[in-house]
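One-letter residues, chain by chain:
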Amino acid sequence: MNKEYNIAVLIPCYNEALTIAKVITDFRRALPSAAIYVYDNNSVDATAKLAQEAGAIVRKESRQGKGNVIRSMFRDIRADCYLLVDGDDTYPVESAAELCRLVLMEGADMAVGDRLSTTYFHENKRLFHGFGNRLVRKIIDQLWGDATFRILDVMTGYRALSPLFVKSFPILSQGFEIETEMTIHALNHNLRIMSTPVSYRDRPSGSHSKLSTFSDGARVLLTIAGLYRAFRPLRLFGGVALAMALSSLGLFLPIFDTYLATGLVPRIPTLLVSSCLMLGAMLSLAVGMVLDAGVIESRRQYEMHLQTVAMLLDKNTNKDIHV
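One structure accompanies this document, and this report is about it.

So, how was this worked out
Residues numbered from 1 in each chain as written. Predicted model: local features only at pLDDT ≥ 70, side-chain atom pairs only at ≥ 80, totals over all residues. Heavy atoms only, no water. Helix = DSSP H or I, 4+ residues; strand = E, 2+ residues; numbered from the N terminus. Buried < 20%, exposed > 50% of the residue type's maximum accessible area, 1.4 Å probe, protein only. Contact = heavy atoms within 4.5 Å. Salt bridge = Lys/Arg side-chain N within 4 Å of Asp/Glu carboxyl O. Polar contact = N/O pair within 3.5 Å; in protein donor to acceptor, adjacent residues only side chain to side chain. Pairing = 2+ DSSP bridges. Axes fitted to C-alpha atoms, helices over the stretch in contact; angles between N-to-C directions. Phe/Tyr/Trp six-rings, centres within 6.5 Å; stacked < 30°, edge-to-face > 60°. Lys NZ or Arg CZ within 6 Å of the ring centre and 35° of its normal.

**Concerning the overall build of the chain**
No. 1: Looking only at helices and strands, the chain features 11 helices and 7 strands.
No. 2: Along the first, second and third principal axes, the C-alpha atoms of the chain reach 90 × 45 × 35 Å.
No. 3: Across the 323 residues in the chain, those meeting the buried criterion constitute 45%.
No. 4: Sequence-distant contacts, at least 24 apart, represent 76% of the contacts inside the chain between residues at least 6 apart.

**A look at the side chain of Thr 19**
No. 1: By secondary structure assignment, the location of Thr 19 is in the loop between strand E1 (7-13) and helix H1 (20-30).
No. 2: Under the relative-accessibility criterion, Thr 19 is labelled buried at 3%.
No. 3: If sequence neighbours within four positions are ignored, Thr 19 has contacts with Gly 87, Asp 88, Asp 89 and Pro 204.

**Here we look at helix H8 (residues 178-188)**
No. 1: With respect to burial, H8 is a largely interior element, 11 of its 11 residues being buried.
No. 2: Note on H8: the residue one or two positions beyond its end, Asn 190, has a positive phi of about 60°.

**Focus: the pattern of salt bridges**
No. 1: Inspection of the entire model under this criterion finds 14 salt bridges.
No. 2: In this structure, Glu 106 and Arg 101 form a salt bridge, with 2.8 Å as the shortest nitrogen-oxygen distance.
No. 3: Put simply, Lys 22, Asp 26, Arg 29, Asp 89 and Arg 201 are held in one network by salt bridges that share partners.

**Brief notes about the environment of Ser 247**
No. 1: Within the secondary structure layout, Ser 247 lies in helix H10 (residues 233-262).
No. 2: In this structure Ser 247 comes out as partly exposed when scored by relative accessible area, which is 37%.
No. 3: Between the C-alpha atoms of Ser 247 and Val 273, which are 26 residues apart in sequence, the distance is 9.7 Å.
No. 4: Side-chain polar atoms of Ser 247 contact the backbone oxygen of Ala 243, separated by 2.9 Å.

**Re the pairing of E1**
Regular strands place their side chains on alternate faces of the sheet.
No. 1: Burial within E1 is extensive, with 7 of its 7 residues counted as buried.
No. 2: Side chains of E1 alternate between two faces, with Ile 7, Val 9, Ile 11 and Cys 13 and Ala 8, Leu 10 and Pro 12 buried alike.
No. 3: Here 4 bridges tie E1 to strand E4 (residues 81-84), and the two strands are oriented parallel to one another. Within E4, the position partnered with Ile 7 by the bridge is Cys 81.
No. 4: In terms of strand pairing, E1 meets strand E2 (residues 35-40) through 6 bridges, oriented parallel.

**A look at the sheet that holds E4**
No. 1: The strand order E3-E2-E1-E4-E6-E5-E7 describes an open sheet built from 7 strands, whose pairing is mixed. Each edge of the sheet is formed by a strand with only one pairing partner; in this case those strands are strand E3 (57-60) and strand E7 (193-197). Strand-to-strand twist in this sheet, taken as the mean axis angle between neighbours without regard to direction, amounts to 20°.
No. 2: Its contacts with the sheet put helix H3 (residues 66-76) on E1, E2, E3, E4 and strand E6 (159-161), and the angle it makes with E1 is roughly 155°.

**Thoughts on the packing of aromatic side chains**
No. 1: Under the defined criterion, the tally for this structure stands at 7 aromatic pairs.
No. 2: Plain terms: the ring middles of Trp 144 and Tyr 228 are 5.5 Å apart, the flat faces sit at 90° to each other, and that makes the pair edge-to-face. Of this pair, Trp 144 sits in helix H6 (residues 127-144) while Tyr 228 sits in helix H9 (residues 213-231); the two residues are 84 residues apart in sequence, bridging distant segments of the chain.
No. 3: Relative accessible area serves as the criterion here: at 14%, Tyr 228 is assigned to the buried category.
No. 4: Taken together, the ring pairs connect Phe 27, Tyr 91, Tyr 120, Tyr 158 and Tyr 200 into an aromatic cluster.
No. 5: Above the ring of Tyr 200, the side-chain terminus of Arg 115 is found at 5.9 Å from the ring centroid.

Following this line, the structure appears as structure tokens:
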């Protein structure tokens, strides 16, 4: 498999001088024919120099943030399979071949390296990281999951991707929320997701995570909320409409009961509030229906876009597609 297909190992890096050479050496051993790309994101240490000495193709991304780095990687590089991994030496190279196999042999658009089912909660020393991963997984499972598939690890940095996914994915994120965006994009557009358990080890002594638990966690949650509004507007605005309608009825029914008994309406302000809530419910439902019509059309356009990307990729099948 390694010789027959063009595999690109993508390593976004920011100040990973302590581990980057080992990561490159390990993946060179696991995937000898793969092209290994390191995109340096304004590191102030020797990350770029050490990566080049270790044999990687080194490029620079000046826009800060992991999402910006991956955007450039996806635009610049062409391959049969893209293996995305962090440069902090927390993911095992032994799982690389299996992740690539799921894409190349099993037809997955995204193969996820699932840390949460193995050693993550034991190895990871930052308490709120474990809580945040559980919370995000639970939220996405509730909002986008179905009976046939449960997403096991939303925020893993270890995944293999098909060319169809890479060349059709519209990246909006700039930072660490990119993994969440990729996962939701795949779920929302019914792309083929597969998962395999991977062991996780904590960063070596002296290596520090660039992830801010609370600020980046808040950005992830805002990303989920924004994508839910964009992808499922009828559910969102319909839920708001239902809550407002029930509140309106809760205020109106006692007034109506009094009116039936006495012929009087003693609480005019409450009646006005009830009427406004019902009007708001109707407006929210109308907004949801209009936006949902736009989403359906957007999905049609995306499916046509996938067909175009697939045809373009087929034309390049017999070419040397590493750049």
